[in-house]
Amino acid sequence: MNSTTTRMAAEIAEQPAAARRTLDHLLPERARLRELADGRRRVLLVARGSSDNAAIYGRYLLEVVAGVPAGLAAPSVATHYRARLDLSDTVVVSVSQSGSTTEIVETQEWARSCGAATVGVTNVAGSPLASSADVALVTQAGPELAVPATKTYLTQLVALGVLVDALSGSTLADDLHRVPDAVEGLLAADVAAASEALAGADRVVVSGRGLLLGTALETALKMEETCLRPVRGYSYADLRHGPISVVSDGLLAVLVGAAHGPLAEPMADLVGDLQGRGARVLGIGGTAAFAERCDLHLAGSDLPETVEPIASIVPAQVMIEQMALRMGLDPDNPRGLNKVTQTEFSERNN
């Protein structure tokens, strides 16, 4: 099997068109989103798996760009503890690729019963999540056949960008329009050395910070799902504390850096600290100084930090698909995983 024949590779390559379709479809929804959020002070995001990593990006973007307090909800508060909260000042945004994840659909219904306005982000029109939301943001990724989420994840980020643009009155939409071309430019990344190093690494950790944290955590998750390796994903701050004590010879650290913004330089500083403890560092994106310090490096985009995470997952996806092939694995159908898995007695999308 080679990369040109895997579904995962084909779906990665579809992302520029999927992003353009999603923008065209969702930008007209901004007026409805503004009306829905009028008079509400905060946003809660509900998700699992890859969608949870998309929600982390959405949380940062809501607070940094829109100035709206945001957080990640714990679905079990609704589905198991049956807690009653006053959500009358809240917009609850539920994110699920399939729109049929029982736990997420039930949490959205619980949120409405607690007084929340609801937004459903899904790739399936007519799904339970879309049908029951006050506003449905239906991404236009098209059917995704490979088990690892790639184009559905990226279009979720686009949808969350549209939501934030609607709530902020900013010029974020102008930057979102630059994303498809940036994604297209990253598809041809030369990942041979990076995928070879990862395939042969004894231990791997992945770290990012701020708006790029979701990208780092999604990179770690995709590596675990697709390559069947235990990979820890850390925020920069968490890695700097206790976990840095386990950094030693044989560790490969994957750092996702920002090309712009206040956290670009600290990621470059982290490279030397990890190398001093014996680790090799594989960098994705970041500044020129960051790239120069890394042992291996994959170029990212030169987009503004606010939309950079949408594109910066692409070289990681390409790298992981190649890593799986080098390990003799099928990236389309990782052992033990399905497109929709079971959590206890509820369906949960990965």
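Because the structure is a prediction, the values reported are computed rather than measured.

Across the protein, pLDDT averages 93, with 94% of residues at or above 70. The model gives residues 345-350 a pLDDT under 50, and that stretch makes 32 contacts with residues more than four places away or in other chains.

Moving on, we get to the sheet that holds strand β8 (residues 251-257). Pairing is parallel in the open sheet, where 5 strands are placed in the order β7-β6-β8-β9-β10. Edge strands, defined here as strands with exactly one partner in the open sheet, are β7 (232-235) and β10 (296-298). Each strand axis lies, on average, 20° off the axis of its neighbour in the sheet, ignoring direction. Helix α12 (residues 213-227) contacts β6 (203-208), β7 and β8 of the sheet and is inclined by roughly 160° relative to β6. Set on the sheet, helix α16 (residues 308-326) makes contact with β8, β9 (280-285) and β10; between it and β9 the angle comes to about 130°.

Before going further, it helps to spend a moment on helix α8 (residues 151-168). The end-to-end C-alpha distance of α8 is 26 Å, a good match for the 26 Å that 18 residues give at a rise of 1.5 Å each. One or two steps after α8, the chain reaches Gly169, where phi turns positive at roughly 65°.

All right, on to the nonpolar core then. Val93 and Met319 are the most contacted members of the largest nonpolar core, which totals 81 residues. Excluding residues within four positions of it along the chain, Val93 makes contact with Val43, Leu44, Leu45, Val46, Val119, Val121, Leu160 and Leu163. Membership of the second largest hydrophobic core comes to 18 residues, among which are Val205, Ala253, Val281 and Cys294.

Taken in spatial order, the 5 strands make up an open sheet running β2-β1-β3-β4-β5, and their pairing is parallel. Since the sheet does not close on itself, it has two edges, and those belong to β2 (70-72) and β5 (135-138), each with one partner. Strand-to-strand twist across the sheet, computed as the mean angle between neighbouring axes with direction ignored, equals 20°. Here 5 bridges tie strand β3 (residues 90-95) to strand β4 (residues 117-122), and the two strands are oriented parallel to one another. Considered in β4, the bridge of Val95 is made with Val121. Contacts from helix α4 (residues 49-66) reach β1 (42-46), β2 and β3, with the element oriented near 165° to β2.

Our focus in this paragraph is the side chain of Thr6. By the element assignment, Thr6 lies in the segment before α1 (7-13). Owing to a relative accessible area of 2%, Thr6 belongs among the buried residues under this scheme. Looking at Thr6, its side chain comes within polar contact range of the main-chain nitrogen of Ala9, at 3.0 Å.

So, about the environment of Val68. Residue position: Val68 is located in the loop between α4 and β2. Owing to a relative accessible area of 14%, Val68 belongs among the buried residues under this scheme. The spatial distance from the C-alpha of Val68 to the C-alpha of Glu106 is 25 Å, given a sequence separation of 38 residues. Val68 has contacts with Arg41, Arg42, Val43, Leu62 and Glu63, leaving out every residue within four places of it along the chain.

Summarising burial for β9: 5 of the 6 residues are buried, a large majority. Here β8 pairs with β9 via 6 bridges, running parallel. Among the inter-strand pairings, Leu252 is bridged to a residue of β9, identified as Arg280. Taking the sense of rotation as the criterion, the β-α-β connection linking β8, helix α14 (residues 264-276) and β9 turns out right-handed. The sheet contact formed by β9 and β10 spans 3 bridges and is parallel.

This part takes up the side chain of Thr118. For Thr118, the location among the structural elements is in strand β4. The contacts of Thr118, once residues within four sequence positions are left out, are Leu36, Val92, Gln108, Arg112, Ser132, Ala133, Asp134 and Val135.

Here we take up the environment of Gly49. Summarising the element assignment, Gly49 is placed in helix α4. With 55 residues separating them in the primary sequence, Gly49 and Ile104 have C-alpha atoms 11 Å apart.

It is worth spelling out the packing of helix α2 (residues 15-26) against α8 at this point. What describes two packed helices is the angle between their axes and the distance between those same axes. The N-to-C vectors of α2 and α8 enclose an angle of 30°; their axes lie 9 Å apart at closest approach. The orientation of α2 relative to α8 falls into the category roughly parallel. Between α2 and α8 the crossing geometry is right-handed. Contact with α2, carried on its side by Gln15, Ala18, Ala19, Thr22, Leu23 and Leu26, involves Lys151, Leu154, Thr155, Val158, Ala159 and Val162 of α8 and no other residues of that element. Looking at side-chain class alone, the contact of α2 with α8 contains 8 nonpolar, 3 polar and 1 charged residues.

The end-to-end C-alpha separation of α12 is 21 Å, in line with the 21 Å expected for 15 residues at 1.5 Å each. Summarising burial for α12: 14 of the 15 residues are buried, a large majority. Immediately beyond the C-terminal end of α12, within one or two residues, lies Leu228, with a positive phi of roughly 55°.

Scoring rules and cut-offs
Residues numbered from 1 in each chain as written. Predicted model: local features only at pLDDT ≥ 70, side-chain atom pairs only at ≥ 80, totals over all residues. Heavy atoms only, no water. pLDDT = per-residue confidence, 0-100. Contact = heavy atoms within 4.5 Å. Pairing = 2+ DSSP bridges. Helix = DSSP H or I, 4+ residues; strand = E, 2+ residues; numbered from the N terminus. Axes fitted to C-alpha atoms, helices over the stretch in contact; angles between N-to-C directions. Expected span 1.5 Å × (residues − 1). Core = buried A, V, L, I, M, F, W, Y, C linked by side-chain atoms within 4.5 Å. Buried < 20%, exposed > 50% of the residue type's maximum accessible area, 1.4 Å probe, protein only. Polar contact = N/O pair within 3.5 Å; in protein donor to acceptor, adjacent residues only side chain to side chain. Right-handed = clockwise from strand over helix to strand, strands pointing away. Parallel < 35°, antiparallel > 145°, perpendicular 65-115°, else oblique. Left-handed = near helix turned anticlockwise from the far one by under 90°. Nonpolar A, V, L, I, M, F, W, Y, C, P; charged D, E, K, R; others polar.

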